[in-house]
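# Structure assessment
So you can see what is in the structure, the chains are spelled out below.
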Amino acid sequence: MPCALCLQEAELRRSHVIPEFLYETLYDEKHRLQVLSIIPEQGNWREQKGLREKLLCDACEQKFSVWERYASLVLKGGIPLTVKQESNIVHISGLDYKRFKLFQLSVLWRAGISSLQFFEKIQLGKHTEELRRLLLEDNPGSPERYGCFMFGLKHNSEAFTGVIMQPGKVRLDGHIAYRFVFGGFLWAMLVSSHDLGAPLNKCTLSASGDTVLLLRNASDMDNLVAFSVELGQMGRAPSS
Ligand SMILES: [Zn+2]
């Protein structure tokens, strides 16, 4: 089987679609993963070993692990960042655009090529090949393409780290985005052939490593329309 990234024939690894470190706090006492389905009739998914699939060769797996290690340090507080909170908006600066963006793109792309039922709603079409090329070349692309809105989820004022939710397609202010919930965040990843533009481009990771996080209650998660209105207002607000 060829590796999905470099297309070379190779022994494939059982790759995590959602990186392994994001599961660390998610296993329950029986070492099962809490996976919350957005389809009510299917109830909660129970996955014994995380969501894995044979996708990548060893070399490509290693390549992704560099970006994952960086993202893991960011999410666990192991990278010095400048963080400024104003009510439910958190301004973050000091991120490494290249590594953090490539991490986000790698999750989106893997979910897009996965044949696991859990990722069936991620249909990237021609963007699959575009993303593969960017990842293969270590190229994070323009901040205006494939940007990601990040929402920090809280539940009873605690971080909402216990759940991975089935990803789905959403519309944000006329843009198509794919929604992932893992690691205590909602990640809305934009997939479009057009640049994002103002004002929403103020809310995704910039080339200089700045981004904003919106803190929301996990129970409001379904209301992405309200999220995007808030984002629009935030983008229009004069930046300090
Ligand atoms: Zn490969």
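This section reports on the structure supplied with the text. Since we're looking at a predicted model, the values are computed, not measured.

## Observations concerning the overall build of the chain
- From N to C terminus, the chain includes four helices and twelve strands.
- Every one of the 240 residues in the chain was classed for burial, and the buried ones make up 50%.
- Partitioning the intrachain contacts of the chain with sequence separation of at least 6 by distance along the chain shows that 72% fall at a separation of at least 24.
- About 11,400 Å² of surface is accessible on the chain, with carbon and sulfur atoms providing 50% of the total.

## Section: the coordination of the zinc ion
- Protein coordination of the zinc ion is provided by Cys3 (SG), Cys6 (SG), Cys57 (SG) and Cys60 (SG), with donor distances spanning 2.3 Å.
- Given four donor atoms and angles of 105 to 116 degrees at the metal, the environment of the zinc ion is assigned as tetrahedral.
- Taken in chain order, the donor set of the zinc ion reads C-x2-C-x50-C-x2-C. Pair noted here: Cys6 is in the segment before β1 (13-16) and Cys60 is in helix α1 (residues 58-76), with a separation of 54 residues, a long-range link.

## With respect to the side chain of Ser106
- For Ser106, the location among the structural elements is in helix α2 (residues 97-113).
- Judged by relative accessible area, Ser106 falls into the buried class, the value being 0%.
- Within the structure, Ser106 has its side chain in polar contact with the side chain of Arg110 (distance 2.9 Å).
- Look past the residues within four positions of Ser106 in its chain and what remains in contact with it is Phe64, Trp67 and Leu135.

## Notes on α1
- With 19 residues, α1 extends 26 Å between its outermost C-alpha atoms, agreeing within 8% with the 27 Å of an ideal straight helix rising 1.5 Å per residue.
- Listed in full, the buried residues belonging to α1 are Cys60, Glu61, Phe64, Ser65, Trp67, Glu68, Tyr70, Ala71, Ser72 and Val74.
- In this structure, the buried side of α1 is in contact with β1, β4 (52-56), α2 and α3 (127-136).

## Thoughts on the packing of α1 against α2
- Two elements in contact, α1 and α2, have axes separated by 8 Å at closest approach and are oriented at 115 degrees. Considering the angle they form, α1 stands roughly perpendicular to α2. In terms of crossing hand, the pair formed by α1 and α2 is left-handed. Between α1, through Phe64, Trp67, Glu68, Tyr70, Ala71 and Val74, and α2, the contact on the second element is made entirely by Arg99, Phe100, Leu102, Phe103, Ser106, Trp109 and Arg110.

Reading guide: rules and limits
Residues numbered from 1 in each chain as written. Predicted model: local features only at pLDDT ≥ 70, side-chain atom pairs only at ≥ 80, totals over all residues. Heavy atoms only, no water. Helix = DSSP H or I, 4+ residues; strand = E, 2+ residues; numbered from the N terminus. Buried < 20%, exposed > 50% of the residue type's maximum accessible area, 1.4 Å probe, protein only. Contact = heavy atoms within 4.5 Å. Areas by Shrake-Rupley, 256 points an atom, 1.4 Å probe, with all protein chains shown as cover. Donors = N, O, S within 2.8 Å, 3.2 Å for Na, K, Ca; no water. Tetrahedral: all angles 85-135°; square planar, octahedral: opposite > 155°, others 65-115°. Polar contact = N/O pair within 3.5 Å; in protein donor to acceptor, adjacent residues only side chain to side chain. Expected span 1.5 Å × (residues − 1). Axes fitted to C-alpha atoms, helices over the stretch in contact; angles between N-to-C directions. Parallel < 35°, antiparallel > 145°, perpendicular 65-115°, else oblique. Left-handed = near helix turned anticlockwise from the far one by under 90°.

Everything listed here is a matter of geometry and, on its own, says nothing about what the molecule does.
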